[in-house]
Amino acid sequence: MIFYDEGIRTFYLESKDMTYAFCISVHGFLQHLYYGKRIAREDLSYSVYHIDRGHGSNIAGAPRNESLNVYGNECPTYGRSDYRQSMIAVCDEAGVRVGDWRYAGHRILKEKPELKGLPSVRGKETLVVKLREERMRAEVELFYTVFEELPVILRHMEVCNCGEGSFWLDRAFSFCVDLPDNKWEAVTLPGAHLRERFMERTALSHGTFTVESKRGVSSGQMNPFLAVIRENTGEEQGEVYGFNLVYSGDFALKAESEQNDELRIVGGINDYDFSWEVHPGEVFTTPEAVMVYSSQGIGGMSRTFHDLYRNYLVNPRFSKRPRPVVINNWEATYMDFTTEKLCAIIESVKGTGIDTFVLDDGWFGVRNHDRSGLGDWFVNMDKLPQGLQPIIDCAHANGMKFGLWFEPEMVNTDSDLYRRHPDWAIHVEGLVPCTGRDQLVLDLSRDEVCEYIIESVSKILRENAIDYVKWDMNRTLTDNYSAHLGRNAKELHHRYVLGFYRICEALVNGFPDVFFEGCASGGCRFDPGMLYYFPQIWTSDDSDAYMRTIIQYGTSLCYPLATHSCHVSVCPNHQSGRVTPFASRGDIAHLGATGYELDTTKCPKEELVQIKEQVTQYREMQELILSGDLYRLNNPLKENLFCEMLVSKDQKKAHITLMVPICVPNGRALRIYPRGLCPEAFYEIPELGLVKRGDTWMNLGILVQSPFGDFGTKTYRMVQVER
């Protein structure tokens, strides 16, 4: 609910568990007052600390203790007494970068408007506050969306040029939050290809703590997520403020503690190598920021993110539908395959419950290795003389759907497309461009490039019965220049993302029955912007069951399990060389959208039997994956134990999965402590033949017979019963 008290000029943004309050100061600035647990709508101005800190500056014409540098600020700007991180920096044609952005009105909308050209979370009641800078003739509108049932605020900013000359945005962040002390730790998700999103806690000190990407994509190196937590905050207790950007390009999230011993958090499009010309009459829209408050620890924050994204972000056509159970040929064949080989894989899994076959890289152009063919989206008739149809027919005959791999954002120099249009690749004339995986990146800031991708992919989808698309991207951006942008080349990275979203809009909505899966060398572009278009993302190219416990644990901090693509692959694992039990690989892959990534024609009969059993087990728990509440019981980065629990919304069913990575003979008794159960209800664990009350299970725990051998797993079902 959004409420405005005109008498004290204060806005209250409320959910059932949260209040966010700010006011219009006597000077016309938006002054932040409070963000946290739900409180009454009282006058909060008493909480503002007036002090002259010295060696600073005050608001023009105001007393010495009236400085923006000591107040909370909803939209801090550059150069007018606030020395901390700003949300916006504008430069006009004369080179002036200083302005006064003051309140100029507000409105409350019943429906949240869509963001032009950008993905966003669906929402209802929205506050829009307008600020005006008279000298530049510019306006800013700050958008705040609230949810009655979730402690969430959505924020973004729109900057309008109302004048007659251009100005340039050197920074255009999406949000700012000021917290009244600096006793916080940062929780982030750093990583790399094959080890994405390893959860990390860092004590914050004076100065600016930054997480960012400058790679053109959100990246596996740092996810567009930041949380700040108290030192004693754990999974189920303590305060948490979580921030996530609905954006798939360069981002920055900054937490700054200055002389005030307070904390300012800002974020949005990375302002490194960024500038954007706003022409007269134009509006620049920033990506949406998701802000989550939790007084119930990191787990409470995660469950809020999960509910928000499942209900309001992921495509409603697919968000609650069971996920395809996939067999993918990549690790089985790589690019060395024939129609007969692919059909043999399909036929080998008939009757196992696998329902979708996905043909990966190598089916198009002249594509027998990764140095040629990208950009040529027509069937490789030398490799597949009859085209895709016999493989599609084979899949259908065996009761399966058919999926296909694309990497439309890329081009090889050895391709028909590059020979026709070498200028379509991002490059600088006179410089040999950098390559990655022997490929270049197409310039999606150009309309003709976007149109080519839309039409060439659409043609394949129109002419073939394709149910599933795996959309890959295997390198990040370099050589950051586009001739048609000229001196505005700093716009390239954001324009690339806008072009990518334009392509997604056309294809996802043009083929509404096709299920799209995102991929970027695995999980190197795993963000809410992607999830708006693609209901699930290949979580990592590393499918090793042990590494996946850590990767999936970190990913679950803000992304629902149903959005994680998790496959069983062959051992020794192709990424780590590690050997893990087949059962363990299945149990860990079940904590997401499950599938298989191996040559089933070479599987022993007992493994094919296990696949059928695993798929049956997955189908029994898939509703928990789609809509259940997640409780992370044990952190594999901190102990020799991974354990996660899923509980149905009605608390009648639960599922527990654990892995003990290293077997310790004659070790300690292994006990896990369930959470999220109804304390007074009775629950049976069929695997143990025991029935106990929920509070008994949660407080006394489950005594686990530790699995024998390294990387062993156990699963437990919990079912509410009458007693």
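Coordinates for the structure precede this section.
Just so it is clear, the model here is predicted, and its values are computed rather than measured.

Chemist: How do you make sense of the overall build of the protein chain when you look at a structure like this?
Modeler: When its secondary structure is counted, the protein chain shows 12 helices and 38 strands. Per-residue burial over the protein chain gives 61% buried out of 723 residues. Here the contacts in the protein chain between residues at least 6 apart in sequence split such that 68% fall between residues at least 24 apart. Distance between charge centroids for the protein chain: 3 Å, based on 77 positive and 99 negative side chains.

Chemist: Can you help me understand the pattern of salt bridges in this one?
Modeler: Should their charged atoms come close, side chains of opposite charge can pair. The final tally for this structure, using the stated rule, is 47 salt bridges. A salt bridge links R367 to D361, with the shortest nitrogen-to-oxygen separation between them at 2.8 Å. Comparing R367 with D361 shows no difference in burial state: the two are buried. The shortest N-O distance in the salt bridge between E491 and R495 comes to 2.8 Å. For E491, a relative accessible area of 2% gives the class buried. For R495, a relative accessible area of 28% corresponds to the partly exposed category. Connected via shared salt-bridge partners are D361, R367, D370, E407 and R437.

Chemist: Sorry if this is basic, but what is going on with the sheet that holds strand β1 (residues 2-5) here?
Modeler: By way of backbone hydrogen bonds, the strands of a sheet pair with one another, either parallel or antiparallel. Read from one edge to the other, the open sheet built from 4 strands follows the order β1-β2-β3-β4, with strand pairing classed as antiparallel. Each end of this open sheet is capped by a strand with a single partner; those strands are β1 and β4 (30-37). Strand after strand, the sheet turns through a mean of 15° between neighbouring axes, direction not considered. Bridging between strand β2 (residues 10-15) and strand β3 (residues 18-24) involves 6 bridges; their strand directions are antiparallel. Across the sheet, the residue bridging to Y12 is A21, located in β3.

Chemist: Mind showing me how you'd approach the pairing of strand β33 (residues 653-660) here?
Modeler: If a strand is regular, its side chains alternate between the two faces of the sheet. Most of β33 sits out of view: 7 of its 8 residues are buried. As judged from the 6 bridges shared by strand β32 (residues 642-647) and β33, these two strands associate in the antiparallel manner. The residue bridging M645 from the neighbouring strand is I656, located in β33. By the bridge criterion, 8 bridges tie β33 to strand β38 (residues 712-721) in an arrangement that is antiparallel.

Chemist: Teacher, can you tell me more about a nonpolar patch on the surface here?
Modeler: Taken together, the side chains of Y78, V96 and V98 make up a nonpolar region of the molecular surface, amounting to roughly 200 Å² of accessible area. Position of Y78 relative to the elements: it lies in the loop between β4 and β5 (88-92).

Chemist: Quick question: what am I supposed to make of helix α6 (residues 447-463) here?
Modeler: Residues lying three or four places apart along an α-helix face the same way, a consequence of the helix completing one turn every 3.6 residues. With 17 residues, α6 ought to run about 24 Å at 1.5 Å a step, and its terminal C-alpha atoms sit 24 Å apart, in line with that. Those residues of α6 not exposed but buried are V449, C450, Y452, I453, I454, S456, V457, S458, I460 and L461. Where α6 is buried, its residues contact β23 (401-406), α5 (416-420), β26 (468-471), α7 (492-510) and β27 (515-518).

Chemist: Please explain the state of the cysteines as it appears in this structure.
Modeler: Covalent bonding between the sulfur atoms of two cysteines defines a disulfide. Throughout the structure, instances matching the rule amount to 0 disulfides. Counting only cysteine sulfurs, C394 is the nearest neighbor of C343, a cysteine outside any disulfide, at a range of 3.6 Å. Relative accessible area serves as the criterion here: at 12%, C343 is assigned to the buried category. Distance from the sulfur of C519, which forms no disulfide, to the nearest cysteine sulfur (C524) is 8.5 Å. Its relative accessible area of 2% is what places C519 among the buried residues.

Chemist: I would appreciate a short explanation of the sheet that holds β27 in the present structure.
Modeler: Taken in spatial order, the 8 strands of this closed barrel run β21-β22-β23-β26-β27-β28-β29-β30, and their pairing is parallel. Across the sheet, the axes of successive neighbouring strands diverge by a mean angle of 30°, strand direction being ignored. As defined by bridge partners, strand β28 (residues 536-538) adjoins strand β29 (residues 564-569) across 2 bridges and the pair is classed as parallel. Bridge pairing in β29 places I537 opposite H564.

Chemist: How do you make sense of the packing of α6 against α7 when you look at a structure like this?
Modeler: Two numbers describe a pair of packed helices, the interaxial angle and the distance between the axes. The N-to-C vectors of α6 and α7 enclose an angle of 30°; their axes lie 10 Å apart at closest approach. With respect to each other, α6 and α7 are oriented roughly parallel. Considering the relative orientation of α6 and α7, their crossing is right-handed. Residues D447, C450, E451, I453, I454, V457 and S458 of α6 pack against G499, R502, I503, A506 and L507 of α7. Partitioned by chemical class, the residues of the contact of α6 with α7 number 7 nonpolar, 2 polar and 3 charged.

Chemist: Sorry, what's going on with the side chain of T286 here?
Modeler: Its location among the elements puts T286 in the loop between β19 (283-285) and β20 (288-294). Of note is the side chain of T286, whose polar atom sits 2.9 Å from the backbone nitrogen of M157. Within the local environment of T286, its side chain forms a polar contact with the side chain of S174, the two groups lying 3.3 Å apart. If near-sequence neighbours (up to four positions away) are discounted, T286 is found in contact with L115, L118, H156, M157, A172, F173 and S174.

Chemist: Sorry, what's going on with the layout of surface pockets here?
Modeler: Gaps left between atoms show up when a probe the size of a water molecule is rolled over them. Empty space within the largest pocket amounts to approximately 570 Å³. K116, W276, V283, R495 and L498 are the residues nearest the centre of the largest pocket, which is lined by 21 residues in total. Only β18 (276-278), β19, α6 and α7 provide two or more residues apiece to the lining of the largest pocket. Examining the composition of the lining of the largest pocket, we find that 5 residues originate from one element, α7, more than from any other.

Chemist: Teacher, can you tell me more about helix α11 (residues 605-627) here?
Modeler: Its 23 residues give α11 an end-to-end C-alpha distance of 34 Å, which sits within 8% of 33 Å, the value for a rise of 1.5 Å per residue. Along α11, the sharpest change in direction is near 50° and occurs at M621. Taken residue by residue, α11 has E607, I611, Q614, V615, Y618, M621, Q622, L624, I625 and L626 as its buried positions. Tucked into the core, α11 has its buried residues touching α1 (297-312), β29, α10 (582-589), β30 (593-597), β32 and β33.

Chemist: Could you clarify how one ought to interpret the environment of E74 in this entry?
Modeler: In this structure, E74 sits in the loop between β4 and β5. Note on E74: relative accessible area 0%, which makes it buried. For the pair E74 and M87, spaced 13 residues apart in the sequence, the C-alpha separation amounts to 8.7 Å.

Chemist: What exactly am I supposed to notice about unusual backbone geometry here?
Modeler: Leaving glycine out, the prevailing phi sign among residues is negative, and the prevailing peptide bond configuration is trans. Here the bond from C571 into P572 is cis, since omega is -5°, no more than 30 degrees from zero. Notably, Y334 is not glycine yet its phi reads approximately 50°, a positive angle. In this structure, Y334 sits in the loop between α2 (330-333) and α3 (339-348). Located in the positive-phi region is D479, a residue other than glycine, with phi close to 50°. Mapping D479 onto the fold places it in the loop between β26 and α7. Judged by its relative accessible area of 17%, D479 is buried.

Chemist: How should I be thinking about the pairing of β38 in this particular structure?
Modeler: Sheet topology places strand β35 (residues 682-685) next to β38; 3 bridges connect them, and they run antiparallel. Along β38, the bridge assignment pairs E684 with V719.

How each quantity is defined
- Residues numbered from 1 in each chain as written.
- Predicted model: local features only at pLDDT ≥ 70, side-chain atom pairs only at ≥ 80, totals over all residues.
- Heavy atoms only, no water.
- Helix = DSSP H or I, 4+ residues; strand = E, 2+ residues; numbered from the N terminus.
- Buried < 20%, exposed > 50% of the residue type's maximum accessible area, 1.4 Å probe, protein only.
- Contact = heavy atoms within 4.5 Å.
- Lys, Arg positive; Asp, Glu negative; His and termini not counted.
- Charge placed at Lys NZ, Arg CZ, Asp CG, Glu CD.
- Salt bridge = Lys/Arg side-chain N within 4 Å of Asp/Glu carboxyl O.
- Pairing = 2+ DSSP bridges.
- Axes fitted to C-alpha atoms, helices over the stretch in contact; angles between N-to-C directions.
- Patch = residues over 30% accessible without salt bridge, like charges linked within 9 Å, V, L, I, M, F, W, Y side chains within 5 Å.
- Areas by Shrake-Rupley, 256 points an atom, 1.4 Å probe, with all protein chains shown as cover.
- Expected span 1.5 Å × (residues − 1).
- Disulfide = S-S within 2.5 Å.
- Parallel < 35°, antiparallel > 145°, perpendicular 65-115°, else oblique.
- Left-handed = near helix turned anticlockwise from the far one by under 90°.
- Nonpolar A, V, L, I, M, F, W, Y, C, P; charged D, E, K, R; others polar.
- Polar contact = N/O pair within 3.5 Å; in protein donor to acceptor, adjacent residues only side chain to side chain.
- 1 Å grid on protein atoms, 1.4 Å probe; cavity = no way out; pocket = protein on both sides within 12 Å on 5 of 7 lines; lining within 4 Å.
- Points joined across faces, edges and corners; volume = space filled by probe spheres on them.
- Bend = angle between axes of the 7 residues up to and from the residue.

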